[in-house]
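Architecture at a glance
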Amino acid sequence: ETGVTQTPRHLVMGMTNKKSLKCEQHLGHNAMYWYKQSAKKPLELMFVYNFKEQTENNSVPSRFSPECPNSSHLFLHLHTLQPEDSALYLCASSREAGGSYEQYFGPGTRLTVT
Amino acid sequence: AQSVTQPDIHITVSEGASLELRCNYSYGATPYLFWYVQSPGQGLQLLLKYFSGDTLVQGIKGFEAEFKRSQSSFNLRKPSVHWSDAAEYFCAVGYLRNDMRFGAGTRLTVKP
């Protein structure tokens, strides 16, 4: 495997379910990111981890809970979601956190909340 | 606060025609500038980046971009568009110790 992988690619869940999104990077990077991409809205940065430490939480509701057990893996735990949370969730990684390093993106998880 | 503007939401060009996608940023410091492309159902792929030096940078797939400090712009160009270039294009701006900021994107349609 190369680059950034995300599983699952598609997820349909009810508002009372609990699910997790997984991201793995094979680039030797130290920073990982979660973004939300909704139709007709700019890319929204949700969380940033740098050397396994969370450095950014952009006022994301607590129903989204990130976890970064090591520099290669990132999870997004989901519970009690709302229909407006339906979106494409993108994971990215970079050498370190900060705007000077290019980010490499996974293919995304298309989430539908019913 | 830093911001990125892509004035064109949607652009249509004919195959073989030239292309220019606009990007403007607002902030005082020297930025790190990026262009990404996203095909339907996919993640973002880095096309090119500017950090310093020559203001005209070459990227993958025949794209280039020019940094103009006086206009706070970083426009993406391609001399001859191919049907496979149809996608969404995102400009991004970053600064040291700040997160990268993305523009809202420009959707490119290519007519046969």
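These numbers come from a predicted model, not from an experiment.

Contacts between the two partners involve 21 residues from chain B and, on the opposite side, 19 residues from chain A. Interface area lost by chain B to chain A is led by Leu44(B), Asp99(B) and Phe102(B), which between them contribute 31%. Connecting chain B to chain A are one salt bridge. Applying the counting criterion to the chain B and chain A interface returns five residue pairs in polar contact (both at pLDDT 80 or more). Elements with a contribution of two residues or more to the side of chain B that touches chain A: strand S5 (32-38), strand S6 (44-50), strand S10 (87-94) and strand S11 (101-102) of chain B. Looking at the side of chain B that touches chain A element by element, the count peaks at four residues for S5(B).

With that settled, the discussion passes to the confidence of the model for chain B. Scored by pLDDT, chain B comes out at a mean of 92, with 98% of its residues at no less than 70. Of all helices and strands in chain B, the one with the weakest mean pLDDT is strand S1 (residues 3-5) of chain B (90), whereas strand S3 (residues 19-21) of chain B scores best (98).

Let us now look at the packing of aromatic side chains. Per the stated rule, a full pass over the model turns up 14 aromatic pairs over all chains. Their ring planes at 80° and their centres at 5.6 Å tell us that Phe105(A) and Tyr36(B) sit as a pair that is edge-to-face. Of this pair, Phe105(A) sits in strand S10 (residues 104-105) while Tyr36(B) sits in strand S5, on two different chains. Looking at Phe105(A), the relative accessible area reads 10%, which means it is buried. A ring pair is formed by Phe34(B) and Phe51(B), whose centres lie 5.8 Å apart and whose planes are at 75°; its orientation type is edge-to-face. With Phe34(B) in strand S5 and Phe51(B) in the loop between S6 and strand S7 (56-58), the pair connects residues that are 17 residues apart, well separated along the chain. Residue classification places Phe34(B) among the buried residues on the basis of a relative accessible area of 0%. The partly exposed category is assigned to Phe51(B), whose relative accessible area is 29%.

So, on to the environment of Val4(B). Note that Val4(B) resides in strand S1. Every residue in contact with Val4(B), bar those within four places of it in the chain, is listed here: Cys23(B), Asn24(B), Tyr25(B), Cys91(B), Val93(B), Arg101(B), Phe102(B) and Gly103(B).

Let us look at the pairing of strand S6 (residues 53-57) of chain A. Residue and element names in this part refer to chain A. In terms of strand pairing, strand S5 (residues 44-50) meets S6 through four bridges, oriented antiparallel. Paired with phenylalanine 47 across the bridge in S6 is asparagine 57. In textbook terms, the turn of a hairpin is the stretch between consecutive antiparallel strands, and for S5 and S6 this stretch comprises two residues, one of which, phenylalanine 51, has a positive phi near 50°.

All names here are of chain A. Under the defined criterion, the tally for this structure stands at two disulfides over all chains. Disulfide partner of cysteine 23: cysteine 91, at an S-S distance of 1.9 Å. Negative torsions about the S-S bond denote left-handed disulfides, and the value of about -75° found for cysteine 23 with cysteine 91 makes this one left-handed. Residue cysteine 23 is found in strand S3 (residues 18-25), and its partner cysteine 91 is found in strand S9 (residues 87-94); the two are separated by 68 residues along the sequence.

Residue and element names in this part refer to chain A. For strand S7 (residues 64-70) and strand S8 (residues 73-79), the ladder comprises five bridges, and the chain directions are antiparallel. Within the sheet, the bridge partner assigned to proline 66 lies in S8 and is leucine 76. Here S7 folds back onto S8 in antiparallel fashion, the turn holding two residues.

This brings us to the nonpolar core. Ranked by internal contacts, the top residues of the largest apolar core, which has 27 residues, are Leu19(B), Trp35(B), Leu47(B), Leu48(B), Phe74(B), Leu76(B) and Tyr89(B). Where this core is concerned, the elements lending two or more residues are strand S2 (10-14), S3, S5, S6, strand S8 (64-68), strand S9 (73-78), S10 and strand S12 (106-111) of chain B. Among the elements that line this core, the one with the most residues is S10(B), at four residues. Setting aside its immediate chain neighbours within four residues, Phe74(B) contacts Cys23(B), Leu33(B), Phe34(B), Trp35(B), Leu48(B), Tyr50(B), Val57(B), Ala65(B), Glu66(B) and Phe67(B). Core analysis: the next-biggest nonpolar cluster, separate from the first, contains 22 residues, Met13(A), Met46(A), Leu78(A) and Cys91(A) among them.

Criteria and cut-off values
All residue numbers refer to position in the chain's written sequence, counted from 1. Chains and ligands are labelled sequentially in the order written, the chains with letters from A and the ligands with numbers from 1. A pLDDT threshold of at least 70 governs which residues receive local features in this predicted model, and a stricter bar of 80 or more applies before side-chain atom pairs are shown or counted, although totals over entire chains, interfaces and linings include all residues. To obtain the side-chain values, all non-hydrogen atoms of the structure were included, while hydrogens and water were left out. Throughout, a contact is declared for two residues whenever any of their heavy atoms are within 4.5 Å. Here's the idea: put two parts together, see how much 1.4 Å probe accessible area each one loses, and the total over both is what we call buried area. Salt bridges are defined as contacts in which a side-chain nitrogen from Lys or Arg sits within 4 Å of a carboxyl oxygen from Asp or Glu. Any pair of nitrogen or oxygen atoms within 3.5 Å is treated as a polar contact; in protein, a donor-acceptor pairing is required on top of that, and neighbouring residues in sequence qualify only through side-chain atoms on both sides. The secondary structure listing takes helices from DSSP runs of H or I that are at least 4 residues long and strands from runs of E that are at least 2 residues long, numbered from the N terminus. Confidence per residue, as judged by the predictor, is encoded in pLDDT with a range of 0 to 100. Stacked, tilted and edge-to-face are the three classes assigned to paired rings of Phe, Tyr and Trp, where Trp is represented by its six-membered ring and a pair needs centres within 6.5 Å; plane angles under 30 degrees give stacked, over 60 edge-to-face, the rest tilted. When a residue's accessible area, from a 1.4 Å probe over protein chains only, is under 20% of the maximum for its type it is buried; when over 50% it is exposed; and in between it is partly exposed. Should DSSP find at least two bridges between two strands, the strands are taken to pair. Here, the term disulfide refers to a pair of cysteine sulfur atoms separated by no more than 2.5 Å. Definition of nonpolar core: a set of buried residues of the types Ala, Val, Leu, Ile, Met, Phe, Trp, Tyr and Cys, connected through side-chain atoms within 4.5 Å.

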